[in-house]
Amino acid sequence: MDVVISKNIRKAIGLIDDIYKKNAEALNAGLKNIKEGMDENFEIVNLNLEQISGTLDVLNSNIVTGFQLLFVKVDELNTSLAHLSRGIDTLIEIARTPVQTWAFNQYEIACDMVRRRLFPEALEALTFAIDGKDQHTGYKSEFRFHRLRGVVLSGTPGGSESIEVLNLKAAEDSFIVAARYARHDHPTEAAQAFIGAGRSAYVDGRLLDAEKWYQDALKLDHQCAEANYQMARLSLHAENPSQVESYLCKALYSHWSFAMRASADGLFVEHQQLVRKCVESVAQTIAD
């Protein structure tokens, strides 16, 4: 995925990159600078999402979470699904009842349908997993089922096949249900589900609802980088630069790549000095 980035922001990112390097060499290998520049002020940076996502377990970083990965282009979808399906065999093995085993098998089918871009079929398999079919009763309280349902209903950017199932309000509702079922045993996953709800509401033009879900995510995980980044974006809409700085710095402290996102983010185009200020502030904090 190529993004255009301001050179002065890329230079500042390098400060944090150097600080992280000894602990994140595998992640840095996923970042490749393309030599040709747009002009004297901009350059193209290539992000190897597959290589980056493959290092997540080692780095224990939430720079790319399940949901952040799932809001990607169709050609990046297979990499995204690797996060969702990771460990599904283990889930099936530890299922305590035949009901759970059957439901997890339906979930596995749904993941495969998404991989093949057969979105209506994916939703059908998820409905079976949640509500059951024939003599099977389903497993309603498994948060992963509702999470994937929310992802499918959110649509895949650039994927025309997903348009027929696109339903942002239904996606938001599914993410909220996923958060409810996850929050007791998996609070971090619940936070990510709230981020999914917030993104669905945001795309649907309901900024106050989006803010509520992002704040709920931060209540569960106050260091959640994606929630902090999205709150920085909402603060831009509200024209509140002090809050933008506060939330963006928290996101950057989790990982410098959020500076690259901000530099390529249309909302931040007119606020590059603020982004650079945050990058340099966080770099100094880490160095100290």
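Above this text sits the structure in question.
Residues numbered from 1 in each chain as written. Predicted model: local features only at pLDDT ≥ 70, side-chain atom pairs only at ≥ 80, totals over all residues. Heavy atoms only, no water.

Student: Break down the overall build of the protein for me, with residues and values.
Tutor: A tally of helices and strands in the protein yields 17 helices and three strands. Looking at the protein residue by residue over its 288 residues, the buried ones come to 52%. For the protein, long-range pairs separated by at least 24 residues make up 61% of all intrachain contacts whose partners lie at least 6 apart in sequence. Counting every atom, the protein has about 14100 Å² of accessible surface; 49% of that belongs to carbon and sulfur. (Helix = DSSP H or I, 4+ residues; strand = E, 2+ residues; numbered from the N terminus. Buried < 20%, exposed > 50% of the residue type's maximum accessible area, 1.4 Å probe, protein only. Contact = heavy atoms within 4.5 Å. Areas by Shrake-Rupley, 256 points an atom, 1.4 Å probe, with all protein chains shown as cover.)

Student: Break down a negative patch on the surface for me, with residues and values.
Tutor: A surface patch of negative charge is lined by Glu121, Glu124, Glu161 and Glu164. Tracing the backbone shows Glu164 in the loop between helix H10 (143-154) and helix H11 (168-182). (Patch = residues over 30% accessible without salt bridge, like charges linked within 9 Å, V, L, I, M, F, W, Y side chains within 5 Å. Salt bridge = Lys/Arg side-chain N within 4 Å of Asp/Glu carboxyl O. Lys, Arg positive; Asp, Glu negative; His and termini not counted. Charge placed at Lys NZ, Arg CZ, Asp CG, Glu CD.)

Student: I'd like a description of the environment of Ala217, backed by residues and values.
Tutor: Mapping Ala217 onto the fold places it in helix H13 (residues 207-220). Along the chain, Ala217 and Ala197 lie 20 residues apart, while their C-alpha atoms are 9.8 Å from each other.

Student: Tell me about the pattern of salt bridges, residues and numbers included.
Tutor: Per the counting criterion, the structure on display carries 15 salt bridges. With a shortest N-O distance of 2.8 Å, Glu189 and Arg147 are connected by a salt bridge. Taken together, the positions of Glu189 in helix H12 (residues 187-203) and Arg147 in helix H10 put the pair 42 residues apart, joining distant regions of the chain. Exposure remark for Glu189: the relative accessible area of 26% places this residue in the partly exposed category. Overlapping salt bridges, with partners in common, bring together Glu172, Asp204, Arg206 and Asp209 in one network.

Student: Outline the nonpolar core, supporting the account with residue identities and numerical values.
Tutor: A general tendency of soluble globular proteins is for nonpolar side chains to be buried together. One finds Phe145, Leu148, Val152, Tyr229, Leu248, Leu252 and Phe268 to be the most contacted residues of the largest nonpolar core, which totals 63 residues. Each residue touching Leu248, except ones within four places of it in the same chain, is listed here: Tyr229, Ala232, Ala262, Phe268, Val275 and Cys278. (Core = buried A, V, L, I, M, F, W, Y, C linked by side-chain atoms within 4.5 Å.)

Student: Please set out helix H14 (residues 225-237) residue by residue, giving values where relevant.
Tutor: The terminal C-alpha atoms of H14 lie 19 Å apart, and with 13 residues this matches the ideal 18 Å at 1.5 Å per residue to within 8%. Burial runs high along H14: twelve of the 13 residues are buried. Among the residues of H14, Ala225, Glu226, Ala227, Asn228, Tyr229, Gln230, Met231, Ala232, Arg233, Leu234, Ser235 and Leu236 are the ones counted as buried. Immediately downstream of H14, the backbone of Glu239 shows phi near 55°, a positive value. (Expected span 1.5 Å × (residues − 1).)

Student: Can you tell me about the packing of aromatic side chains, naming the residues and giving the values?
Tutor: Taken as a whole, this structure holds seven aromatic pairs when the rule is applied. Judged by centre distance (5.8 Å) and plane angle (5°), the rings of Phe194 and Trp213 are stacked. Placement of Phe194 in helix H12 and of Trp213 in helix H13 is noted, with a sequence separation of 19 residues between them. The two residues Phe194 and Trp213 agree in class, both being buried. Ring geometry for Tyr229 versus Phe258: centroids 5.6 Å apart, planes at 50°, classification tilted. Here Tyr229, found in helix H14, pairs with Phe258, found in helix H16 (residues 257-264); they are 29 residues apart in sequence, far enough to count as distant. Put simply, the rings of Phe104, Tyr107, Tyr139 and Phe145 pair up and form one aromatic cluster. (Phe/Tyr/Trp six-rings, centres within 6.5 Å; stacked < 30°, edge-to-face > 60°.)

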